[in-house]
Amino acid sequence: MHNKQTQSHHLHPVQIVGAGPGAADLLTVRAVRCIGQADVVLHDNLVSADILALCRQDAELIYTGKKYGDAIDPVERQQHIHELMAEHAANGKKVVRLKSGDPFIYGRAAEEVRYLQEHNIAFEVVPGLTAGIAAASLCQVPLTERNHSKAVLFCTGHTANYDFEQLEALANMLRTGTSLVMYMGLSNLPKVIAKLQVAAGTETIYVTAVSQVSAPTQQTVTATLSEIEAALTLRPLPMPVVFIIGKYADLL
């Protein structure tokens, strides 16, 4: 019994860390400290090589990411991640679950937190700079601005699956100046654009598409809602791409 108590005393909380949009110098100070002290790092696909280079040389790096179109069952993959966190934490390791962007913006961190809570495993979450906010700042597209855009809405490419009532609400928000930041929308873009055009009517809506946010390879394409598909056909962007959509979503 004494050994068990001693062992539990030395367990470290699992750290769910936001890696930001990709550039290592956009990490938070806390994230850098966590990454540099970790024994085990479970990292996503979009975590850059520059950020992984901050890990200790003797740290165990385990790839747990997913790519668009891969055939791995997402439920099984997520369960495997949960088990890896628990296993390494139980062995007294400092575990970092390293997620691109911010853990709570389309990062499935909520599922990981629930698992840790259910299994009485200590944890902490370290915020990260999400790609949508980073893209807007790096490209100088104000997501909110006095007397223009008073709100911002984050969504995914699944917007195309909204029913008419949801889309109409979204279009009203666009018409009144709300900015829309859309993740994972490149493959679904034609459907999204078609539905938003119908819903937005004659209002001029801009789209700024930003590829590989904060990387040296970052690229930007800006066009109106009716012209963005043609613009991206002329200049295809590699994934991942973040879209900023709105009346004021053109560059300053």
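Residues numbered from 1 in each chain as written. Predicted model: local features only at pLDDT ≥ 70, side-chain atom pairs only at ≥ 80, totals over all residues. Heavy atoms only, no water.

Visitor: Can you help me understand the overall build of the protein chain in this one?
Guide: Helix and strand counts for the protein chain stand at 9 helices and 10 strands. Taken over the C-alpha atoms alone, the protein chain extends approximately 70 × 40 × 35 Å along its principal axes. Relative to its 252 residues, the protein chain shows a buried fraction of 44%. Considering only contacts in the protein chain between residues 6 or more positions apart, those separated by 24 or more positions represent 71%. Accessible surface, the protein chain: about 13200 Å² in total, of which carbon and sulfur atoms supply 55%. (Helix = DSSP H or I, 4+ residues; strand = E, 2+ residues; numbered from the N terminus. Buried < 20%, exposed > 50% of the residue type's maximum accessible area, 1.4 Å probe, protein only. Contact = heavy atoms within 4.5 Å. Areas by Shrake-Rupley, 256 points an atom, 1.4 Å probe, with all protein chains shown as cover.)

Visitor: In this structure, what is going on with the nonpolar core? I would like to understand it.
Guide: Leu180, Met182, Leu196, Ile228, Leu232, Phe243 and Ile245 are the most contacted members of the largest nonpolar core, which has 24 residues in total. Only α7 (164-175), β7 (179-183), α8 (189-200), β8 (206-211), β9 (219-224), α9 (228-234) and β10 (241-246) provide two or more residues apiece to this core. Among the elements that line this core, the one with the most residues is α8, at 5 residues. Other than its neighbours up to four places away in sequence, Leu232 contacts Leu189, Ala209, Val221, Leu237 and Phe243. Counting residues in hydrophobic clusters, the runner-up holds 16 residues, among them Ala31, Cys34, Val41 and Val96. (Core = buried A, V, L, I, M, F, W, Y, C linked by side-chain atoms within 4.5 Å.)

Visitor: Explanation requested: the environment of Asn45 in the structure shown.
Guide: Its location among the elements puts Asn45 in the loop between β2 (40-43) and α3 (49-52). Sequence separation between Asn45 and Val241 is 196 residues; the distance between their C-alpha atoms is 14 Å. Side-chain polar atoms of Asn45 contact the side chain of Tyr63, separated by 3.4 Å. (Polar contact = N/O pair within 3.5 Å; in protein donor to acceptor, adjacent residues only side chain to side chain.)

Visitor: Would you explain the pattern of salt bridges in this entry?
Guide: Here the idea is simple: oppositely charged side chains can pair when their charged atoms come close. Within the structure shown, the criterion is met by 7 salt bridges. Asp58 is the partner of Arg56 in a salt bridge, and the nearest nitrogen-oxygen pair spans 2.8 Å. Between Arg97 and Glu112 there is a salt bridge; the shortest N-O distance is 3.1 Å. A residue pair is termed long-range when its members are at least 10 positions apart, and Arg97 in strand β4 (residues 95-99) and Glu112 in helix α5 (residues 109-118) qualify at 15 residues. Salt bridges sharing partners connect three or more residues here, namely Asp44, Arg97, Lys99 and Glu112. (Salt bridge = Lys/Arg side-chain N within 4 Å of Asp/Glu carboxyl O.)

Visitor: What exactly am I supposed to notice about the packing of aromatic side chains here?
Guide: Geometry of an aromatic ring pair is reported as the spacing of the ring centres plus the angle between the planes. Throughout the structure, instances matching the rule amount to 2 aromatic pairs. Aromatic pair Tyr106 and Tyr183: ring centres 5.4 Å apart, planes at 55 degrees, arrangement tilted. One end of the pair, Tyr106, is in the loop between β4 and α5; the other, Tyr183, is in strand β7, and 77 residues separate them in sequence. With a centroid separation of 6.3 Å and an interplanar angle of 35 degrees, the aromatic rings of Phe154 and Tyr183 are classed as tilted. Taken together, the positions of Phe154 in strand β6 (residues 152-156) and Tyr183 in strand β7 put the pair 29 residues apart, joining distant regions of the chain. What makes Phe154 partly exposed here is its relative accessible area of 25%. Tyr183 sits in the buried class, given a relative accessible area of 9%. Through pairs of rings, three or more aromatic residues link up here, namely Tyr106, Phe154 and Tyr183. (Phe/Tyr/Trp six-rings, centres within 6.5 Å; stacked < 30°, edge-to-face > 60°.)

Visitor: Even after reading the chapter, I still don't get the confidence of the model for the protein chain, so can you show me in this structure?
Guide: Close inspection of predicted coordinates is inappropriate in any region flagged by low pLDDT. Residues of the protein chain with pLDDT of at least 70 account for 94%, and the chain-wide mean is 90. Across residues 1-8, confidence stays below pLDDT 50; counting only partners more than four residues off in sequence or on other chains, it has 1 contact. (pLDDT = per-residue confidence, 0-100.)

Visitor: Is there a simple way to explain the pairing of β7 in this structure?
Guide: For a regular strand, the rule is simple: side chains alternate between the two faces of the sheet. Counted residue by residue, β7 has 5 buried out of 5 residues, so it is predominantly covered. Residue alternation in β7 divides its side chains into two sets, Ser179, Val181 and Tyr183 and Leu180 and Met182, and both sets are buried. Note: β6 against β7, 5 bridges, orientation parallel. Across the sheet, Val152 pairs through a bridge with Ser179, a residue of β7. (Pairing = 2+ DSSP bridges.)

Visitor: What should I look at first to understand the sheet that holds β10 in this one?
Guide: Adjacent strands of a sheet pair through backbone hydrogen bonds, lying either parallel or antiparallel. The 5 strands are arranged β6-β7-β10-β8-β9 in an open sheet whose pairing can be described as mixed. In this open sheet, the two edge strands, each paired with only one partner strand, are β6 and β9. Ignoring strand direction, the axes of neighbouring strands in this sheet form an average angle of 20 degrees. Pairing analysis gives 6 bridges linking β8 to β10, with the strands arranged antiparallel. Following the sheet pairing, Val210 is matched in β10 by Val242. Set on the sheet, helix α6 (residues 131-139) makes contact with β6, β7, β8, β9 and β10; between it and β10 the angle comes to about 70 degrees. (Axes fitted to C-alpha atoms, helices over the stretch in contact; angles between N-to-C directions.)

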